[in-house]
Amino acid sequence: MSEFEQKVLKLLEDINNKLDKLLKIEPVPVSSAPTTSAMPSRAASTVKPSAIVEKQEEEARMEEKPPVEGRRICPECGGTSFATHEDRSQILHQMGGVKIYAKKYVCKSCGWEA
Ligand SMILES: [Zn+2]
């Protein structure tokens, strides 16, 4: 290996190390973010601004999900394809001015509403 090649290699290694450091420092976990204490620490290191909303949506989903099965089946036609609509007459959560509405499930095949 020539001296030049070794120099280049060394440089690449340095750059690599610096990148490693940068990558390690960059995503500072926002664990001190103003979240409620009720929030479980689900992937705290990858919290993004939309994570709280996603979390709320996830909670909403979990609450209305039938405990037995993960999939909804239309009692009318047996279809498993549903469209979701917000049911604004039912508020599930209200946190920091953000309202989470219950969702209506509408069968895509026959229009049956859950
Ligand atoms: Zn149906």
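Residues numbered from 1 in each chain as written. Predicted model: local features only at pLDDT ≥ 70, side-chain atom pairs only at ≥ 80, totals over all residues. Heavy atoms only, no water.

1. Here we look at the overall build of the protein
For clarity, the threshold we go by: A run of DSSP states H or I qualifies as a helix once it reaches four residues; a run of E qualifies as a strand once it reaches two. Both are numbered from the N-terminal end. Residue burial is assigned from relative accessible area. The probe radius is 1.4 Å, only protein chains are included, and a residue is buried under 20% of its type maximum, exposed over 50%, and partly exposed in between. Any pair of residues with heavy atoms lying within 4.5 Å of one another is described as a contacting pair. Values of accessible area rely on a 1.4 Å probe in the Shrake-Rupley scheme; residue burial ignores everything except the protein chains shown.
Within the protein, the secondary structure is distributed over 2 helices and 2 strands. What you see in the protein, going N to C, is helices and strands ordered as α-α-β-β. Residue burial in the protein is summarised as follows: out of 114 residues, 14% are buried. Long-range pairs, those at least 24 residues apart, make up 34% of the contacts in the protein with a sequence separation of at least 6. Summed over its atoms, the accessible surface of the protein is roughly 9100 Å², and 56% of this surface lies on carbon and sulfur atoms.

2. Regarding the coordination of the zinc ion
Definition in use: Donor atoms are limited to N, O and S found within 2.8 Å of the metal ion, a distance that becomes 3.2 Å for Na, K and Ca. With water left out, some sites might look partial. Every geometry call rests on angle ranges, with four donors termed tetrahedral when all angles are between 85 and 135 degrees, four termed square planar and six termed octahedral when opposite donors are over 155 degrees apart and all others are between 65 and 115, and everything else termed irregular.
For the zinc ion, the protein coordination sphere consists of C74 (SG), C77 (SG), C107 (SG) and C110 (SG), at 2.3 Å. Around the zinc ion, the 4 donor atoms are arranged such that angles at the metal cover 104 to 119°; this shape is classified as tetrahedral. Going along the chain, you hit the donors of the zinc ion in the pattern C-x2-C-x29-C-x2-C. Taken together, the residues C77 in the loop between helix 2 (51-64) and strand 1 (82-95) and C107 in strand 2 (residues 98-107) connect sequence positions 30 residues apart.

3. Notes on the pattern of salt bridges
To keep things clear, this is the line we draw: Basic side-chain nitrogens of Lys or Arg form a salt bridge, by our definition, when they fall within 4 Å of a carboxyl oxygen of Asp or Glu.
One pass over the full model with this rule turns up 3 salt bridges. One salt bridge connects R88 with E86, and the closest N-O pair in it is separated by 3.0 Å. We classify R88 as exposed; its relative accessible area is 58%. Salt-bridge contacts for K104 lead to E113; the nearest nitrogen and oxygen are separated by 3.8 Å.

4. Observations regarding the pairing of strand 2
The criterion, for reference: Should DSSP find at least two bridges between two strands, the strands are taken to pair.
In terms of strand pairing, strand 1 meets strand 2 through 10 bridges, oriented antiparallel. In the strand pairing of strand 2, D87 is matched with A102. Here strand 1 folds back onto strand 2, and the loop between the two strands holds 2 residues, one of which, G96, carries a positive phi near 55°.

5. Let's talk about the environment of C74
Mapped onto the elements, C74 comes out in the loop between helix 2 and strand 1. Look at C74 and you get buried, because its relative accessible area is 2%. Here the alpha-carbon distance between C74 and C110, two residues 36 residues apart in the chain, equals 8.7 Å.

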